Amino acid sequence: MQKFIRKNGIVVSIYLLGACTIWIALMIVLPQVFMLDFSFRFNLPPAKIGGPEDVYTLSNYSHLLFGRANNPESFNWLDTSVFGKTITAAIFVTIFDVVICYPIAFYLAQVAKGGYARFMVLSLIVPFWVNEILRAFAFRIIFSSSGLINTVGMGMGIWDEPFDFIKLDIALYAGLGYAFILLMIFPIYNAVESLDKNQLEAARDLGSPWWRIHWRVVIPFAKPGIASGCTMVFMLSAGALAAPQILGGPSSLWFTQIIYQWFNTGGNWPRGSSYAIVLLVTCTIFVMLMMRLFKVRLGEIAR
Amino acid sequence: MTTERLTRVFVFLFIVLFFAYLFGPLLIMGVSAFNSSTFPRATPWECFTTEWFVKLGKDERLLEGLWHSIAIGFSVVCVSVPIGMAGAILLTQVNRKIRPVFYTIIISPILVPGVVLGISTLIFWDRLGTMFDASYNSIFYSGTFLTVIGQSTFISAYCMLVFIARLQRFDPALEEAALDLGATNFQTFYKILLPFMMPAVFSAAVLAFLASFENYNTTIFTIVSESTLTTVLASKVRYGIDPSISALAVIIVALTLLGAIVFEVMKRREARVAEARKREGMAPVSRADRASKIADPAHILMALVVIAGVGFVYLLAFFDSAACKTHVLEEKRILQERQVIPETQYQGIFGRGAIEGLEPGAEPAPGGTGEGAPAGEGEPGGYKGIFDPNVLKDQSGTGEEGSEAPQPLPDEEGSNFNKGIFDPNVLKQQSGTGED
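Owing to the predicted nature of the structure, the values given are computational and were not obtained by experimental measurement.

A. Representation of helix α4 (residues 99-111) of chain B within the structure. Residues and elements named next belong to chain B. Look at α4: 18 Å from first C-alpha to last across 13 residues, which is about the 18 Å you get at 1.5 Å a residue. Considering bend angle alone, the principal kink of α4 is centred on I105 and spans about 30°; proline P109 follows within four residues of it. Burial in α4 covers these residues: I106, I107, S108, P109 and L111.

In structure tokens form, the structure reads like this:
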């Protein structure tokens, strides 16, 4: 500690330590601890907080699994099925993004040259400076019942009734997949770019077909990038709120929407925070799973 | 050989499809911003109009949200850039054993869902407020403050990553040299490290502002009763949409394109200057270099784009779409008459009742067939309108203000449309403004 102060001088030391303390304590750790604490409490009016009724409970978590205490069914199918659907859909979106982004990232990193590649990178970035809500809105214009696809499809006589893309969640998946393309491409691109072209040529000279080159040479090499992209896309789509609100059908919900309802119209913050904790834990498990599966470190994922 | 060609065609097709997916939605949204249809769509095309931009400029809530967003963005920059820099510098100095833990903690906000960050910030400050018995006007319950704090939690981590990348290229010998030459610690920091970090400070600030500006997941929880541009937009999009949102998107895309071009030009210039310096052995920028900067084709291109953009907007402001709209109304009328004549014979009486329950103008029912159906039922209403003096007054009122006037709400316009369409006076009125 003394060494640290001697090295930086008193003013800079105070700045460094102060800023990091504020950040870690007041912004990262304590809020999460408070949220965890809050999720184990009953939903009480402000006057009763700290009173004799303010005790710990597991009721908020059991509500997610079993519903209300007087629930005729023994299981809370509504919330759990939404949770399951959110996670499956997020995995689906992640796979979709890997499939369409890997070829583009490879092309950008290894095939495209000079100004052309730069132009492509630039045109990849531009759509992602547009607000996330506006992007979802664009998909609504395309997929709504009087939207582009339906008008064109019916105009050409391919189908007569407007096809409900929104109810089937097609619009939502397309919108979510679109929203996180960039976060998938760039990590893979960074990884593939550092691959030595000679390795590819050596594999080719030894008679390997193109798919085996990818399977045995490029993909193992790009593994950290793929893991990083997958993690980011999964987390962001599981935690997305705007796209499901705008593109989701009236009968289908996203898990974050349930959380939002508990905070907004439901007015039950402790329950909302217990659901948020569930989401957080799920995402953490996913990250650790990816780290284990792809044998990468955390530092390589968050880049 | 043929297989290779096949692969090449395949790859090309894939890239084209990919970029169609990337730009298609934005393009369609852009087109819908200029379509006069009250529901945002590119097809069927009705009239070229700029009224949505005018409407956008008059949207008080949106403008208020915009100012809020800008203010919050600047505050976030002021909070998260210093914090991110401190984190990055501290990371280079902490004990090797603590470093992984430290790194995991400060990187975690990036990996935590934004919703969770917003909730935890909200709860934390709410509980603190309860503990201190603070009033509801105090900082603990202020939406702006909570949003700045909540967003800074993860934006600081973004900034830190930028600073780490820059710090990796820093030569610690510079600092040692400064210290040996008798500089104080503070001077070393201020005169050596900080200037070295300056480019990173700039890019971190831009990144932080953009991230804050377009954040929704965290903001929606922390903003409480206030609003930012994104929350206003989201509520607009969720509860009834109109093309003025597309118009906003057009403006944002245009600004983005401009920014991208400027960025590219600056980057090229930097590269060229660096190359020139290397050639001249670290000599200062020569006059010839400066001259070439002005004559750079990229600069000329940029200037042209700006001029074209301004000219376009200027032209748009004076474009009058009234004539075209009248024409479309006329076309619709013909279409209706064709469909109505056989129908009215059977359901003329029912039609009158139907109009009462019908919500005119609220997004005409799906597709092309929808155009005829509700209006067909509205036909008796059309005749009703002739005897209503208010309709005429109403119409002439908007007529005088021309197309620049704020568009009435969709419902109103729809009812005008239904009532007035068979009124010959209306047509005259509207074509009159067309000539104006």
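B. Up close: the domain arrangement of chain A. Domain annotation of chain A identifies domain 1 (1-32) and domain 2 (40-301). Measuring from the centre of the C-alpha atoms in domain 1 of chain A to the corresponding centre in domain 2 of chain A gives 35 Å.

C. The packing of helix α3 (residues 59-66) of chain A against helix α15 (residues 269-294) of chain A, seen in detail. All names here are of chain A. Contact geometry for α3 and α15: axes closest at 8 Å, N-to-C directions at 70°. Viewed along their axes, α3 and α15 adopt a mutual orientation that is roughly perpendicular. As α3 packs across α15, the resulting crossing turns out to be right-handed. Contacts between α3 and α15 pair N60, Y61, H63 and L64 from the former with P270, R271, S274, Y275 and V278 from the latter. Here the residues of the contact of α3 with α15 sort into 5 nonpolar, 3 polar and 1 charged.

D. Focus on the interface of chain B and chain A. On the chain A side, the residues contacting the 80 residues of chain B number 74 residues. Of the residues in the side of chain B that touches chain A, the class split is 53 nonpolar, 21 polar and 6 charged.

E. Geometry of the confidence of the model for chain A. Overall, the predicted model of chain A reaches an average pLDDT of 81, with 91% of residues at or above 70. The weakest mean pLDDT in chain A belongs to helix α16 (residues 298-301) of chain A at 64; the strongest belongs to helix α2 (residues 10-39) of chain A at 87.

F. Seen up close, the nonpolar core. Of all hydrophobic cores here, the largest spans 145 residues; its most connected members are A105(A), I133(A), F137(A), I185(A), I188(A) and A276(A). With near-sequence residues (within four places) excluded, A105(A) lies in contact with I185(A), I188(A), Y189(A) and V192(A).

G. Region of the structure containing the confidence of the model for chain B. Residues and elements named next belong to chain B. On average, residues of chain B score 71 in pLDDT, and 67% of them are at 70 or above. Below pLDDT 50 for its whole length, residues 284-294 participates in 7 contacts with residues either more than four positions away or in separate chains. Segment residues 343-436 is flagged for pLDDT under 50; beyond a separation of four residues in sequence, or across chains, it makes 127 contacts in the model. Scoring of the predicted complex yields 0.74 for pTM and 0.86 for ipTM.

H. Region of the structure containing helix α9 (residues 181-193) of chain A. Residue and element names in this part refer to chain A. Under the 1.5 Å per step criterion, the end-to-end length of α9 is 18 Å for 13 residues, consistent within 8% with the ideal 18 Å. A large share of α9 lies buried, amounting to 10 of its 13 residues. Of the residues making up α9, those classed as buried are I181, L182, M184, I185, F186, P187, I188, Y189, A191 and V192. Next to the buried residues of α9 lie α4 (77-111), α5 (114-125), α8 (170-179), α11 (210-221) and α12 (223-238).

What counts as what
Residues numbered from 1 in each chain as written. Chains lettered and ligands numbered in written order. Predicted model: local features only at pLDDT ≥ 70, side-chain atom pairs only at ≥ 80, totals over all residues. Helix = DSSP H or I, 4+ residues; strand = E, 2+ residues; numbered from the N terminus. Expected span 1.5 Å × (residues − 1). Bend = angle between axes of the 7 residues up to and from the residue. Buried ≥ 20, exposed ≤ 12 C-beta atoms within 10 Å, placed from the backbone. Domains from an automatic or database assignment. Axes fitted to C-alpha atoms, helices over the stretch in contact; angles between N-to-C directions. Parallel < 35°, antiparallel > 145°, perpendicular 65-115°, else oblique. Left-handed = near helix turned anticlockwise from the far one by under 90°. Contact = placed C-beta atoms within 7 Å. Nonpolar A, V, L, I, M, F, W, Y, C, P; charged D, E, K, R; others polar. pLDDT = per-residue confidence, 0-100. Core = buried A, V, L, I, M, F, W, Y, C linked by C-beta atoms within 7 Å.

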